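What follows is each chain in one-letter form.
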Amino acid sequence: QGYVGAGAGVNAEAAWAQGLTGAGVRVSDCEYGWDYDHEEYNDVDLHPEPGQTIAAGVYSNGWDDHGTAVIGEMVAPDNGYGVTGLCPGVEAATYPEWTVQGGFRRTAAITSAIADSDPGDLVLLEMQTVNFGSNFGPAELDPSVFNVVKAGVAAGVVVVGAAGNGDQNLDSATYATYQSWGDSGAIIVGAGSSNGAHNKLGFSTYGSRVNVQGWGENVFSTGYGWFAQYGGDEHQSYTASFSGTSSASPIVTGSAALVQARSLALNGVGLPPSQVRQILMD
């Protein structure tokens, strides 16, 4: 888990050495699904969104592996086995965007995640969309998502969103309408290389609206089974190659959770979203 350490990683170990694990902070992941029975989560108290059942199609398509890897990067416990998340002490919650009760409900999932958060908590948007351009950009290219994100940030919730894997230039004339909306206040995350250079990866959407980046390749986490699947059990599966702005965004979210934990330790309150974003950019 090179993204955890010093050097090419974010040096979460320095925060851990101060006793910071994200305790007191809530992190909510919005996407399709998760393997709640993965062995690494036996010691994690995941809070599924009440009243929503993940649609069967999520599991038949294998989309739950994605969320499983995302959660592993952030909240897998420090139990001497498997992986250790960047902020294993946070309260973790999940908000599915395709459910039996609600159908496809991206904006509703994000709205619920924000509504269940207190100022200083984090909401992660593990999703992308095509709007205006020809390929994937951040979910907030959808005006309904943009509006709810902006309202959430104004209420003090830190929103982190994947930039998308479409190699789109958000500063181009193609995105003039999006630019005219202004700044939602979310932290938009691009994908960089896993070496010390952290070069933009070819697929990553980019531009001045993209605030920071994380590893977009070679991320070791739970799920998929590309590295190992012990005993043929999908609940004991691990990957060494989780990638994309999807793998980058949990690294930034975990880092933000540690920043908030530090603020809580010092001041008893979390920082406003604009300060968290600026600290990470700096």
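Just above sits the structure.
Attention in this report is confined to the structure presented alongside it. (Residues numbered from 1 in each chain as written. Predicted model: local features only at pLDDT ≥ 70, side-chain atom pairs only at ≥ 80, totals over all residues. Heavy atoms only, no water.)

Comments concerning the overall build of the chain
Then, number 1: Scanning the chain from N- to C-terminus turns up eight helices and 14 strands.
Then, number 2: For 282 residues, the compact-globule formula gives about 19 Å, and the C-alpha radius of gyration of the chain, at 17 Å, lands near that figure.
Then, number 3: In terms of overall dimensions, the chain has C-alpha extents of about 50 × 45 × 40 Å along its principal axes.
Then, number 4: Scored against the burial criterion, the 282 residues of the chain give a buried share of 54%.
Then, number 5: A separation threshold of at least 6 residues defines the contact pool for the chain, and within that pool the share at least 24 residues apart is 72%.
Then, number 6: Total accessible area computed for the chain in this model is approximately 10900 Å², and 50% of it derives from carbon and sulfur atoms. (Helix = DSSP H or I, 4+ residues; strand = E, 2+ residues; numbered from the N terminus. Rg over C-alpha atoms; globule rule 2.2 N^0.38 Å. Buried < 20%, exposed > 50% of the residue type's maximum accessible area, 1.4 Å probe, protein only. Contact = heavy atoms within 4.5 Å. Areas by Shrake-Rupley, 256 points an atom, 1.4 Å probe, with all protein chains shown as cover.)

Remarks on the pattern of salt bridges
Then, number 1: Summed over the entire model, instances satisfying the criterion amount to seven salt bridges.
Then, number 2: In this structure, the salt-bridge partner of arginine 209 is glutamate 140, at a minimum N-O distance of 3.7 Å. Remark: glutamate 140 occurs in the loop between strand 8 (137-138) and helix 5 (143-154) and arginine 209 occurs in the loop between strand 10 (187-192) and strand 11 (212-215); sequence separation between them is 69 residues.
Then, number 3: The partner of lysine 200 in a salt bridge is aspartate 167, and the shortest N-O contact between them spans 3.0 Å. One end of the pair, lysine 200, is in the loop between strand 10 and strand 11; the other, aspartate 167, is in the loop between strand 9 (158-162) and helix 6 (176-180), with 33 residues separating them in the sequence.
Then, number 4: One network of salt bridges, in which partners are shared, links Glu140, Asp183, Arg209 and Arg277. (Salt bridge = Lys/Arg side-chain N within 4 Å of Asp/Glu carboxyl O.)

Digging into the sheet that holds strand 2 (residues 46-48)
Then, number 1: Read across the sheet, seven strands follow the order 2-3-1-6-9-10-11 without closing on themselves; strand pairing throughout is parallel. In this open sheet, the two strands that pair with only one neighbour each are strand 2 and strand 11. For this sheet, the mean inter-axis angle between neighbouring strands, taken without regard to orientation, is 25°.
Then, number 2: As defined by bridge partners, strand 10 adjoins strand 11 across four bridges and the pair is classed as parallel. Bridging from a neighbouring strand, alanine 191 pairs with glycine 214 of strand 11.
Then, number 3: Where helix 7 (residues 244-267) meets the sheet, it contacts strand 1 (26-31), strand 6 (122-125), strand 9, strand 10 and strand 11, and its direction lies at approximately 125° from that of strand 10. (Pairing = 2+ DSSP bridges. Axes fitted to C-alpha atoms, helices over the stretch in contact; angles between N-to-C directions.)

Brief notes about helix 8 (residues 273-281)
Then, number 1: Looking at helix 8, one finds that the buried residues are Pro273, Val276 and Arg277. Burial along helix 8 is one-sided: seen end-on, the buried residues are contained in an arc of 95°.
Then, number 2: Along its buried surface, helix 8 packs onto helix 5, strand 9, strand 10 and helix 7. (Arc of directions from axis to C-beta.)

Examining the packing of helix 7 against helix 8
Then, number 1: Running from N to C, helix 7 and helix 8 point in directions that differ by 115°, and their axes come no closer than 10 Å. One finds that helix 7 runs roughly perpendicular with respect to helix 8. By crossing handedness, the relation of helix 7 to helix 8 is classed as right-handed. Within the contact between the two elements, helix 7 uses Val252, Ser255, Ala256, Val259 and Gln260 and helix 8 uses Val276, Ile279 and Leu280. (Parallel < 35°, antiparallel > 145°, perpendicular 65-115°, else oblique. Left-handed = near helix turned anticlockwise from the far one by under 90°.)

Re the environment of threonine 94
Then, number 1: The topology assignment puts threonine 94 in strand 3 (residues 91-96).
Then, number 2: Threonine 94 sits in the buried class, given a relative accessible area of 0%.
Then, number 3: Residues threonine 94 and alanine 256, 162 residues apart in the sequence, show an inter-C-alpha distance of 18 Å.
Then, number 4: In contact with threonine 94, other than residues within four places in its own chain, are Asp29, Trp34, Tyr36, His47, Pro48 and Glu49.

Considering the sheet that holds strand 13 (residues 228-229)
Then, number 1: Pairing within the open sheet is antiparallel, and its three strands lie in the order 12-14-13. Edge positions in the sheet fall to strand 12 (219-222) and strand 13, since each of these pairs with one other strand and no more.
Then, number 2: Bridging between strand 12 and strand 14 (residues 237-242) involves three bridges; their strand directions are antiparallel. The residue of strand 14 that forms the bridge with valine 219 is phenylalanine 242.
Then, number 3: Those strands touched by helix 3 (residues 64-75) are strand 12 and strand 14, and its axis lies near 105° from that of strand 12.

Considerations on the side chain of serine 247
Then, number 1: Tracing the backbone shows serine 247 in helix 7.
Then, number 2: Classification of serine 247 as buried rests on a relative accessible area of 0%.
Then, number 3: Sequence-distant contacts of serine 247, defined by excluding residues within four places in its chain, comprise Glu73, Trp215, Gly216, Glu217, Val219 and Phe242.

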